[in-house]
Amino acid sequence: MIQASLDKHASAQIPYSIVEYVESSEKQRQLHSRTMKVVIASQICGGAGLAAGITVGALLAQDMLGTDSFSGVPTGLFTLGSAGAALMVGRLSQRLGRRTGLAAGFLAGGFGAIGVILAALFHSIPLLFISMLVYGAGTATNLQARYAGTDLALPTQRAKTISMAMVFTTFGAVAGPNLVEVTGKLASSMGAPALTGPFMLAAIAYILAGVILLIFLRPDPFIVAKAIANLQHEGTHGAKSIEEGSSINKKGIMIGASIMVLTQIVMIAIMTMTPVHMQHHGHDLSKIGLVIGIHVASMYLPSLITGVLVDRFGYNVMAYASGFTLLLSGLLAALVPGDSVGLITLALALLGLGWNFGLISGTAAIVEGAPPHVRAKTQGTVDVLIALSGASGGMFSGMVVAHSSYSTLSLIGAFLSLLLIPIVVWFRNKTAC
């Protein structure tokens, strides 16, 4: 019996080191539970890292470049950098497992944050732009980590699992913006510009997240999930290759990608220019940090409820909810007076909530649509599209505000979010034909 089991696993190309996890559903549950704890720990750190670029990236560029016209460029660059990193992390994860891919991405993000600090110290614009690109790896990895929890999750609990990974990002992501003033004072006491303080926090947070994954994400959940899929496939299809026997649900992937691309454009564009808009109306860094902190909390904190709703009602219904929420956010941001911190906070909170609805529903569609033999690669490719859309939103947001107004930018975002509904309907009808 033992030899037969080993022979079966050998024919399915399953490493002996993970055989016990492949054979035992109880071991799989234990590994999934342990994976979630490691992912949660890394997400808390990663959340603190991504908040630096969101909160003060545009302000640092404005300070170094001396103009508002290009203040959206750093956000665009680190979002563009996250596109390349998403592809890298996805390919590494597909080939070597989540542990290698995610750890490499977080460590790269940490070194990028260090580069931003050096660029500010030496007032080097080229180094700032290059470092922002590398820093974007942390943002991509922070999003890619949400997939790790789904590898061994039951199909009926995938959205909830995605939500659990995301909700704990809130702790670091909310703390980051609200530590802007504290970290700024620390940076000033060290002889560095105050705006580099959040990037000092980002460097430590991203590197710590990478080390946690590198040490503790063992055995790798994605490798185990692929092994289980290979074994099940061999039992069902015999010698037929897994690529031939497992179909890709293109409908789910197209819908998921559409949802996440549009919500990312709207969220990044409005969020990027909010700190600049507030500064023009006399608000200090503490108020800006509070607004962005609440926005980021709204991006992640509702995740547990969103996951339950996606599992229960499906990703299409929650995509519509995302479109309507972002529409309301854009209209509110366009119409409220610039000196009203409360109403700006509400607009940014709705912006984060709409993004949350879109990201979790879109992610659930991607996980459902991609079988294990192409899952990580597909996830990485879709996240490249998300990052590129965010980069375009970040880069053009500053130009729109400089040549028109923040209100115009917000109205454009409201219109784009409304397009989400007919696009999802169109894909559903098209793929049903």
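(A) A look at empty space enclosed by the protein. The final tally for this structure, using the stated rule, is one cavity of 30 Å³ or more. Approximately 230 Å³ is the volume attributed to the largest cavity. Lining of the largest cavity is provided by 20 residues; of these, Thr 139, Leu 143, Gln 264, Ile 268 and Trp 355 occupy positions nearest its centre. At the level of secondary structure, the elements contributing two or more residues to the lining of the largest cavity comprise helix 3 (25-65), helix 4 (73-96), helix 6 (125-148), helix 13 (250-280), helix 14 (285-300) and helix 18 (375-403). The residue inventory of the lining of the largest cavity, partitioned by class, reads 14 nonpolar, five polar and one charged.

(B) Local environment of helix 7 (residues 158-167). Judged by how many residues are buried, helix 7 sits mostly within the fold: eight of ten residues are covered. Residues of helix 7 that are buried: Arg 158, Ala 159, Thr 161, Ile 162, Ser 163, Ala 165, Met 166 and Val 167.

(C) Layout of the nonpolar core. Ranked by internal contacts, the top residues of the largest apolar core, which has 98 residues, are Leu 60, Met 132, Tyr 135, Phe 199, Leu 351 and Trp 355. Tallying contributions element by element places helix 13 first for this core, with 15 residues. Filtering out sequence-adjacent residues up to four positions away, Leu 60 remains in contact with Val 116, Ala 120, Leu 128, Leu 195 and Phe 199.

(D) Focus on the layout of surface pockets. Estimated volume of the largest pocket: approximately 510 Å³. Lining of the largest pocket is provided by 23 residues; of these, Asp 151, Leu 152, Ala 153, Leu 154 and Pro 155 occupy positions nearest its centre. Counting residues per element, the ones that place at least two in the lining of the largest pocket are helix 3, helix 7 and helix 11 (221-237). No other element matches helix 3, which puts six residues into the lining of the largest pocket. For the lining of the largest pocket, the residue count by class is ten nonpolar, eight polar and five charged.

(E) Representation of the packing of helix 7 against helix 17 (residues 341-369) within the structure. Remark: helix 7 packs on helix 17, axes separated minimally by 9 Å, with the N-to-C direction vectors making an angle of 130°. The angle between the axes of helix 7 and helix 17 places the two elements in the oblique class. Crossing geometry of helix 7 relative to helix 17 is assigned as right-handed. From helix 7, Arg 158, Ala 159, Ile 162, Ser 163 and Met 166 reach across to helix 17, where they touch Trp 355, Asn 356, Leu 359, Ile 360, Thr 363, Ala 364, Val 367 and Glu 368. Along the lines of polarity and charge, the residues of the contact of helix 7 with helix 17 split into eight nonpolar, three polar and two charged.

(F) Broad picture of the environment of Val 341. If you trace the backbone, Val 341 turns up in helix 17. Separated by 63 residues in the primary sequence, Val 341 and Met 278 place their C-alpha atoms 8.4 Å from one another. If near-sequence neighbours (up to four positions away) are discounted, Val 341 is found in contact with His 283, Lys 287 and Val 291.

(G) Here's a closer look at the environment of Leu 107. For Leu 107, the position within the fold is in helix 5 (residues 98-121). Owing to a relative accessible area of 23%, Leu 107 belongs among the partly exposed residues under this scheme. Residues Leu 107 and Val 134 lie 27 residues apart in sequence; the distance between their C-alpha atoms is 10.0 Å. Setting aside its immediate chain neighbours within four residues, Leu 107 contacts Tyr 206, Ile 207 and Gly 210.

(H) Looking closely at the environment of Val 401. As for its placement among the helices and strands, Val 401 is situated in helix 18. C-alpha separation for the pair Val 401 and Val 276, spaced 125 residues apart in sequence, amounts to 9.6 Å. Among residues more than four places away in sequence, those in contact with Val 401 are Met 273, Tyr 406 and Leu 409.

(I) Representation of the pattern of salt bridges in the model. Evaluation of the coordinates by the stated rule reveals three salt bridges. Here Asp 151 ties to Arg 98 by a salt bridge, and the two come within 2.9 Å at their closest N and O atoms. On the criterion of sequence distance, the pair formed by Asp 151 in the loop between helix 6 and helix 7 and Arg 98 in helix 5 is long-range, its members being 53 residues apart. Each member of the pair, Asp 151 as well as Arg 98, carries the same accessibility label: buried.

(J) Representation of a nonpolar patch on the surface in the model. Judged by side-chain polarity, Leu 80, Ile 130, Leu 133, Val 134, Leu 385 and Leu 388 come together as a nonpolar surface patch covering roughly 460 Å² of accessible area. Mapped onto the nonpolar patch, the elements with two or more residues apiece are helix 6 and helix 18. Broken down by element, the residue count for the nonpolar patch peaks at three residues, all from helix 6. The residue Ile 130 is located in helix 6 in this model.

Rules used in this analysis
- The residue numbers shown here count from 1 along each chain, following its written sequence.
- pLDDT decides what is reported in this predicted model: residues at 70 or higher carry local features, side-chain atom pairs at 80 or more are listed and counted, and totals for whole chains, interfaces and linings draw on all residues regardless.
- Only hydrogens and water are removed before side-chain values are computed, so all heavy atoms of the structure are retained for them.
- Here a cavity denotes a set of grid points, spaced 1 Å apart and computed over the protein atoms alone, in which a 1.4 Å probe fits but from which it cannot get out, and a pocket denotes an open set meeting protein on both sides within 12 Å along at least five of seven lines; residues with an atom within 4 Å of a point are reported as lining.
- Grid points are joined across faces, edges and corners, and a volume is the space filled by probe spheres set on the points.
- The way it works is that DSSP assigns letters per residue, a run of H or I at least four long becomes a helix, a run of E at least two long becomes a strand, and they are numbered from the N terminus.
- Amino acids outside the nonpolar list (Ala, Val, Leu, Ile, Met, Phe, Trp, Tyr, Cys, Pro) and the charged list (Asp, Glu, Lys, Arg) are all regarded as polar, and Gly is one of them.
- Three labels apply to residues, based on accessible area from a 1.4 Å probe with only protein chains included: buried if under 20% of the type maximum, exposed if over 50%, partly exposed otherwise in between.
- Nonpolar cores are built from buried Ala, Val, Leu, Ile, Met, Phe, Trp, Tyr and Cys residues. Side-chain atoms within 4.5 Å join them into one set.
- Should any heavy atoms of two residues lie within 4.5 Å, those residues are considered in contact.
- Here, axes are lines fitted to C-alpha atoms. For helices the fit covers the stretch in contact, and angles between N-to-C directions go from 0 to 180 degrees.
- For classification purposes, angles smaller than 35 degrees are called roughly parallel, those larger than 145 roughly antiparallel, those between 65 and 115 roughly perpendicular, and all remaining angles oblique.
- With the far helix as reference, a near helix turned anticlockwise by less than a right angle produces a left-handed crossing, and one turned clockwise produces a right-handed crossing.
- Salt bridges are defined as contacts in which a side-chain nitrogen from Lys or Arg sits within 4 Å of a carboxyl oxygen from Asp or Glu.
- Two distance rules govern patches: like charges are joined within 9 Å, and nonpolar side chains (Val, Leu, Ile, Met, Phe, Trp, Tyr) within 5 Å, applied only to residues with over 30% relative accessible area and no salt bridge.
- All accessible-area figures derive from a Shrake-Rupley calculation using a 1.4 Å probe, and residue coverage is judged against the displayed protein chains alone.

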